[in-house]
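Single-letter residue listing:
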Amino acid sequence: MKLFSSHETLQMIISILLNYLEELNGIKSSDENQFAYGEKTAYTECLELIQLWEKAHVNGLDFNIEERYPL
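Treat the numbers as computed from the prediction; the structure is a model and nothing was measured.

Colleague: How should I be thinking about the packing of aromatic side chains in this particular structure?
Modeller: Where two aromatic rings form a pair, the distance of their centres and the angle of their planes describe that pair. On inspection of all chains with the given rule, the structure shows 1 aromatic pair. Considering the side-chain rings of tyrosine 20 and tyrosine 43, the 5.1 Å spacing of their centres and the 40 degrees angle between planes classify their relative orientation as tilted. You can see tyrosine 20 sitting in helix H1 (residues 6–23) and its partner tyrosine 43 sitting in helix H2 (residues 34–50), a full 23 residues away along the chain. The exposure class assigned to tyrosine 20 is partly exposed, which follows from its relative accessible area of 37%. Look at tyrosine 43 and you get buried, because its relative accessible area is 17%. The positively charged end of arginine 68 is found above the aromatic ring belonging to phenylalanine 63, 3.6 Å away from the centroid.

Colleague: Please clarify how the nonpolar core should be interpreted in this entry.
Modeller: The nonpolar side chains of a soluble globular protein tend to be buried, and buried together. Of all hydrophobic cores here, the largest spans 17 residues; its most connected members are Ile14, Leu18, Leu47 and Leu61. Breaking this core down by element, the ones donating at least two residues are H1 and H2. If you tally residues by element for this core, the top one is H2, at 5 residues. Not counting the four nearest positions on each side in its chain, leucine 61 is found in contact with Ile14, Leu18, Leu47, Ile50, Gln51 and Ala56.

Colleague: I keep staring at H1 and nothing clicks. Help me out?
Modeller: Along an α-helix, residues three or four positions apart point the same way, because every turn accommodates 3.6 residues. Between its first and last C-alpha, H1 extends 26 Å over 18 residues, near the 26 Å set by a 1.5 Å rise per residue. By the burial criterion, the buried members of H1 are Ile14, Leu17, Leu18 and Leu21. All buried residues of H1 lie within an arc of 100 degrees about the axis, which places them on one face of the element. Packed against the buried residues of H1 are H2.

Each value, and the rule that gives it
- Residues numbered from 1 in each chain as written.
- Predicted model: local features only at pLDDT ≥ 70, side-chain atom pairs only at ≥ 80, totals over all residues.
- Heavy atoms only, no water.
- Phe/Tyr/Trp six-rings, centres within 6.5 Å; stacked < 30°, edge-to-face > 60°.
- Helix = DSSP H or I, 4+ residues; strand = E, 2+ residues; numbered from the N terminus.
- Buried < 20%, exposed > 50% of the residue type's maximum accessible area, 1.4 Å probe, protein only.
- Lys NZ or Arg CZ within 6 Å of the ring centre and 35° of its normal.
- Core = buried A, V, L, I, M, F, W, Y, C linked by side-chain atoms within 4.5 Å.
- Contact = heavy atoms within 4.5 Å.
- Expected span 1.5 Å × (residues − 1).
- Arc of directions from axis to C-beta.

Below is the structure:
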């Protein structure tokens, strides 16, 4: 198994979470599928934490997450 640097790992996590959020973008709190809304909320919170990383803006997180993926 190949090991990745912390930088590479964070880049992969960012990419995966953004892909998941794109899939869930239309989900709203009032929707019947509350599990999907919970997923969307969790992914958004994870990205907001990663956005505190000093290199987040040069790794694809140079936008307001909740504006792009409103909860």
